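# Residue-level structure breakdown
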Amino acid sequence: VKVVSIVRPKFFIMENVKGMQSVAHQVIEDFERIGYNVDCMVFNAKDFGVPQNRERLIYVGNRIGLSSKDILKEICESAKEYKEHVLADALYGLRALHAMRVNNATEMDTEESGGKIERDRLQLTNSYINLINGGRICEMVYNHKARYNNDRDIEIYSRLEQGDRSDDPKIADIMPYGRRNDIFKDKYFKLEENKVCKTITAHMKFDCNMYIHPTQARGLTPREAARVQSYPDDYFFRGAYTKTYMQIGNSVPPMLGRAIAKIIKKYLKENNL
């Protein structure tokens, strides 16, 4: 609110987790006090072509006399334009990797486990990849690097089938949280390639046990998580390896941002702004 009051943009967009809807009226009142018409709505990224079940609270505000509620409704209606995608669409064309077997070696690049930067050897694409890349051909692959896993986790990953969780009997004998399955039933989860992915979160910086690759005994790489978030392949995440997961998990899917921006751009044009 302070930044908007200083910059005074004609429009602003704000995002937060769905749970903040309970105090949305307070947020709206704060913006109204500085001269903005504001409303909010919960959007799911999967409705805008993102292969991920991700509900987020989106605020739209303007100070040019328009109804932000009507703008949000139009954004919602525009979801009909977007084709649905699933996890397999996002993972397509990335080379198979094995989990890193050397602990505390996040900066080490290997042939088996991948690297921060390498040439795209496969050069495979599909309609989803073309969409997020804007039709560009990306000759390099960034951040496609598998993290370290111990023998137990790799064995668990191998036994589970797509859609299986921690309480699956196939891993009962080696499940480290077996006595607390009521709490940790989702501690391990093998993703399903023919469905939208579960919400990508910053928790991936700790481990990827809840984001097990559907066909390989490892967690998702940062690049795979970024693909699920709809980042273009030439977006390079810098910084410490685990921090890249946090950057990706905390961000707004670019394709959702694009869908919102498309409608805002139309209103700017209509009002000669």
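Data block above holds the structure.
So, a few notes on the structure that sits alongside this text.

Conventions we followed
All chains use their own residue numbering, which begins from 1 and follows the written sequence. Selection of residues for local features in this predicted model requires a pLDDT of at least 70, selection of side-chain atom pairs for listing and counting requires 80 or more, and totals for whole chains, interfaces and linings are taken over all residues. To obtain the side-chain values, all non-hydrogen atoms of the structure were included, while hydrogens and water were left out. Strands here mean DSSP runs of E at least two residues long; helices mean DSSP runs of H or I at least four residues long; both are numbered from the N terminus. When a residue's accessible area, from a 1.4 Å probe over protein chains only, is under 20% of the maximum for its type it is buried; when over 50% it is exposed; and in between it is partly exposed. A contact between two residues is defined here by any heavy atoms of the two lying within 4.5 Å. All accessible areas in this document rest on Shrake-Rupley with a 1.4 Å probe, and a residue is counted as covered only by the protein chains that are shown. Counted charges follow a simple rule, with Lys and Arg positive, Asp and Glu negative, and His plus the chain ends left uncounted. Taken as the charge location is NZ of Lys, CZ of Arg, CG of Asp or CD of Glu. Any Lys or Arg side-chain nitrogen located within 4 Å of an Asp or Glu carboxyl oxygen qualifies as a salt bridge. Starting at the helix axis, one direction is taken to each C-beta atom, and the arc is that of these directions. We define a polar contact as two N or O atoms separated by no more than 3.5 Å, with the added condition that, inside protein, one atom must be a possible hydrogen donor and the other a possible acceptor, whereas residues neighbouring each other in sequence contribute only through side-chain atom pairs. Any cysteine sulfur atom paired with another within 2.5 Å is treated as part of a disulfide. Here, any two strands with at least 2 DSSP bridges between them count as paired. Orientation is described by axes fitted as lines to C-alpha atoms, over the contacting stretch for helices, and by angles from 0 to 180 degrees between their N-to-C directions.

A separate point is the overall build of the protein chain. Helix and strand counts for the protein chain come out as ten helices and five strands. Across its three principal directions, the C-alpha atoms of the protein chain cover 60 × 45 × 35 Å. Looking at the protein chain as a whole, 45% of its 273 residues qualify as buried. Nonlocal contacts in the protein chain, meaning residues at least 24 apart in sequence, comprise 67% of its contacts between residues at least 6 apart. Accessible surface for the protein chain amounts to roughly 13,800 Å². Of this, 51% is attributable to carbon and sulfur atoms. A gap of 5 Å separates the mean positions of the 43 positive and 37 negative side-chain charges of the protein chain.

Our next topic: the pattern of salt bridges. One pass over the structure, following the stated rule, counts 25 salt bridges. Here Arg95 ties to Glu111 by a salt bridge, and the two come within 3.8 Å at their closest N and O atoms. Here Arg95, found in the loop between helix H4 (87-91) and strand S4 (114-119), pairs with Glu111, found in the loop between H4 and S4; they are 16 residues apart in sequence, far enough to count as distant. Glu111 gets classed as partly exposed once you look at its relative accessible area, which sits at 45%. The network of salt bridges with shared partners includes Arg95, Glu111, Glu118 and Arg121.

The subject of this paragraph is helix H3 (residues 68-78). Listed as buried for H3 are Ser68, Ile71, Leu72, Ile75 and Ser78. Seen end-on, H3 carries its buried residues on one side only, within an arc spanning 120°. In this fold, the buried residues of H3 make contact with strand S1 (11-17), strand S2 (37-44), strand S3 (55-62) and helix H10 (254-270).

Note that Arg147 resides in the loop between strand S5 (140-145) and helix H6 (151-159). Salt bridges are absent for the buried Arg147, whose nearest opposite-charge side chain, Asp207, sits at 6.5 Å. Polar contacts involving the side chain of Arg147 include one to the main-chain carbonyl oxygen of Met204, which spans 2.5 Å. Setting aside anything within four residues of it in sequence, one finds Arg147 in contact with Ala99, Met100, Met204, Lys205, Phe206, Asp207, Cys208, Tyr241, Thr242 and Tyr245.

For the rest of this paragraph, the subject is the state of the cysteines. Evaluated as defined, the whole model comprises zero disulfides. In this model Cys208 remains outside any disulfide bridge; the closest cysteine sulfur is found in Cys197, 11 Å from its own. Classification of Cys208 as buried rests on a relative accessible area of 1%.

What follows is about unusual backbone geometry. Of note in this structure, Arg8 is not a glycine but carries a positive phi near 55°. Following the sequence through the fold, Arg8 ends up in the loop between helix H1 (2-7) and S1. Positive phi values are uncommon outside glycine, yet Gln123 reaches one of about 55°. Counting through the fold element by element, Gln123 comes out in the loop between S4 and helix H5 (127-132).

Attention shifts here to the environment of Arg136. If you trace the backbone, Arg136 turns up in the loop between H5 and S5. Expressed as a C-alpha distance, the spacing of Arg136 and Phe189, which sit 53 residues apart in the sequence, is 33 Å. Setting aside residues up to four positions removed in sequence, Arg136 forms contacts with Pro232 and Asp234. Engagement of the side chain of Arg136 in a polar contact is seen with the backbone oxygen of Asn133, the distance being 3.0 Å.

Here the focus is the sheet that holds S2. Pairing is antiparallel in the open sheet, where three strands are placed in the order S1-S3-S2. Each of the sheet's edge strands pairs with one partner strand only, and the pair in question is S1 and S2. Each strand of the sheet is rotated relative to its neighbour by a mean of 20°, with strand direction disregarded. As paired strands, S2 and S3 are joined by eight bridges and run antiparallel to one another. Pairing of Cys40 across the sheet is with Tyr59, part of S3. Where H3 meets the sheet, it contacts S1, S2 and S3, and its direction lies at approximately 20° from that of S2. Where H10 meets the sheet, its contacts fall on S1 and S3, and the angle it forms with S1 comes to roughly 160°.

Within helix H2 (residues 24-32), the full set of buried residues consists of Ala24, Val27, Ile28 and Phe31. Taken end-on, H2 shows its buried residues confined to a sector of 100°, consistent with a single buried face. Close packing links the buried residues of H2 with H1, S1, S2 and S3.

Turning to the environment of Asp167, a few remarks are in order. Relative to the elements of secondary structure, Asp167 occurs in the loop between H6 and helix H7 (181-184). Each C-alpha atom of the pair Asp167 and Asp30 lies 46 Å from the other, and the pair is 137 residues apart in sequence. In this structure the side chain of Asp167 is engaged in a polar contact, spanning 3.0 Å, whose partner is the side chain of Arg165.

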